[in-house]
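A look at the structure
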Amino acid sequence: LADNKVNIILFGPPGAGKGTQADNIVQNFNLYKVSTGDLLRNEIKNDTKLSNKIKSIIENGSLVPDDIINSLIAKILSDKKFYNRLIFDGYPRNLSQAKNLNLLLKQFNQKVSCVLCLNVDKESVSKRILGRQICSNCGLIFNKYFKLATNKNHTCDPKFLSKRSDDNEKTIKNRFQTYQDMTLPILDFYKNQDLLYQINGMAKIDDIYEEIRGIIASIET
């Protein structure tokens, strides 16, 4: 399976465990993960005219406009080493980005192979996000409800464990609502193209991954 030629899009509300599943898929199928957050952070490091523009938009708490995101995505798609080997995490964020992605893929002679959506209810999302703890030393993620950090699974000092500042009740509600408002039209867009797979994101992490693996393996490449 190492060289499946696929482009996958992964959806799910904040806290649905997209990052975990994306990392599993990347490792097992030899794909590259494209997350707009990472693209923007990398661009900011470059210290260009564009990076300064992005920096000020993010610092104002605004959303980075589509044209900037689209140009960063185009850069990735034009790179031969990522040809049909991408997993998109958190992109497209709205219908116009989804339509634009289709155009860009066509331009670079690629296509979306499948769209995976992890479904999780609002209450579980809250627990997952409110309980989330990240180790600033090694980067591992734990959860005080589901996956406690112990001296068996975590060797760093517990003092390195902290919460992300935006992991609070109000932000979670807003993010969940925004996700539903923005993403449902995109899901319909892909459903109409017979690309959408709905996955129960409440199952165990390993079971979810097994289901995803089966879907990817079944795609004719």
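Residues numbered from 1 in each chain as written. Predicted model: local features only at pLDDT ≥ 70, side-chain atom pairs only at ≥ 80, totals over all residues. Heavy atoms only, no water.

On to the environment of K147, then. With respect to the secondary-structure elements, K147 resides in the loop between β6 (141–143) and β7 (161–162). Sequence-wise, K147 and S78 are 69 residues apart; in three dimensions their C-alpha atoms are separated by 39 Å. Sequence-distant contacts of K147, defined by excluding residues within four places in its chain, comprise I141 and F142. (Helix = DSSP H or I, 4+ residues; strand = E, 2+ residues; numbered from the N terminus. Contact = heavy atoms within 4.5 Å.)

Let us look at the pairing of strand β3 (residues 85–89). A regular strand carries its side chains on alternate faces of the sheet. In terms of burial, β3 is a largely internal element, five of the five residues being buried. Burial along β3 is two-sided: the face carrying R85, I87 and D89 and the face carrying L86 and F88 are both buried. One ladder, built from four bridges, connects strand β2 (residues 32–35) with β3; its direction is parallel. Its bridge partner lying in β3, V34 is registered against F88. (Buried < 20%, exposed > 50% of the residue type's maximum accessible area, 1.4 Å probe, protein only. Pairing = 2+ DSSP bridges.)

Along the chain, Y91 connects to P92 via a cis peptide bond; the corresponding omega equals 0°. Mapped onto the elements, P92 comes out in the loop between β3 and α5 (95–107). Despite not being glycine, D194 has its phi angle at roughly 60°, a positive value. Here D194 is to be found in the loop between α7 (169–191) and β8 (196–200).

Right, let's get into the packing of helix α1 (residues 18–29) against helix α8 (residues 205–218). Contact geometry of α1 with α8 gives a least axis separation of 10 Å together with a crossing angle of 50°. Taken together, α1 and α8 sit at an angle that is classed as oblique. For the pair α1 and α8, the sense of crossing is right-handed. Each of T20, Q21, N24, I25, N28 and F29 in α1 lies in contact with α8, whose residues at this interface are I205, I208, Y209, I212, R213 and I216. (Axes fitted to C-alpha atoms, helices over the stretch in contact; angles between N-to-C directions. Parallel < 35°, antiparallel > 145°, perpendicular 65-115°, else oblique. Left-handed = near helix turned anticlockwise from the far one by under 90°.)

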